[in-house]
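A structural walkthrough
Each chain, written out:
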Amino acid sequence: MTVSSGSSRAVLALGSNLAVRARWLDLGLEVLGEAGVEVLATTPRWNTAPIGTVPQPDFLNQVILVRGPRRGLGWLELAQAAEARAGRRHLVAKGPRNLDVDVILIEGERWDSPDLTVPHPGLLHRPYLLRGSRLLVPDWIHPAEGLSIAELAQQHLTSSWRGLNRTGKRRARAGVGRPAPGSPSGWWR
């Protein structure tokens with residue numbers, strides 16, 4: 001695993017749509033902790049509809065802010081290690097998964113390689129990623145857009161995702177979510 005001498009902060013996204021989804025997210029957090037990563041803050045957990053054409057159950061997603069002795073590909077390796085520990089196998093592209101861990105942002109870094117793209121390409125297209133990032137790191141600057149995450153959220157999110165409304169009364173549509181039962185009322189875990 002790639003470990004650097006310095007510490008960096010990153011925004012990661014956890015997701016699951018198989019079996020007891022919350023337990024898979026908890027396992028992801030546990031694996032991060034065992035690897036010496038400090039979870040600084042988390043969003044609530046949101047139910048979101050899958051994106052794509054593969055029929056599958058809704059996802060439970062959470063965005064987290066972490067700090068640890070990693071840079072760039074080190075965060076990707078850690079994400080893949082967490083997925084492997086959960087027994088994830090890539091059998092169907094964009095298919096169901098017990099644990100998915102994505103690197104969304106790394107403070108002060110931009111990556112465009114075959115293995116890692118940061119900022120994550122879905123950041124501006126998946127409301128839970130942008131809203132979660134806005135809650136956790138509103139002042140970080142998106143290196144390609146030149147705007148803060150808060151400014152991007154203001155431009156791209158619908159009013160239902162901008163606010164902190166957690167009524168959960170609407171059915172999730174692709175890219176739209178609702179809070180999961182038992183999500184904390186605040187965005188700090």
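From a predicted model like this one, the values you see are computed outputs, not experimental measurements.

Across its full length, the chain carries five helices and eight strands. N-terminal to C-terminal, the α/β element order of the chain is β-α-β-β-β-α-β-β-β-α-α-α-β. A burial count over the chain gives 49% of its 189 residues as buried. Summarising the internal contacts of the chain: among those between residues at least 6 apart in sequence, 68% fall at separations of at least 24.

Restricting attention to buried positions, one finds in helix α4 (residues 149-156) the residues I149, L152 and A153. Along the axis of α4, the buried residues cluster in a sector spanning 100 degrees; they form a single face. The exposed residues of α4 that point more than 90 degrees off its buried face are Q154 and Q155.

This part takes up the confidence of the model for the chain. Per-residue confidence for the chain averages 84 on the pLDDT scale, and 81% of its residues sit at or above 70. Confidence drops under pLDDT 50 across residues 164-176; counting only partners more than four residues distant or on other chains, this segment forms 33 contacts. The model gives residues 182-189 a pLDDT under 50, and that stretch makes 20 contacts with residues more than four places away or in other chains.

Cut-offs and rules
Residues numbered from 1 in each chain as written. Predicted model: local features only at pLDDT ≥ 70, side-chain atom pairs only at ≥ 80, totals over all residues. Heavy atoms only, no water. Helix = DSSP H or I, 4+ residues; strand = E, 2+ residues; numbered from the N terminus. Buried < 20%, exposed > 50% of the residue type's maximum accessible area, 1.4 Å probe, protein only. Contact = heavy atoms within 4.5 Å. Arc of directions from axis to C-beta. pLDDT = per-residue confidence, 0-100.

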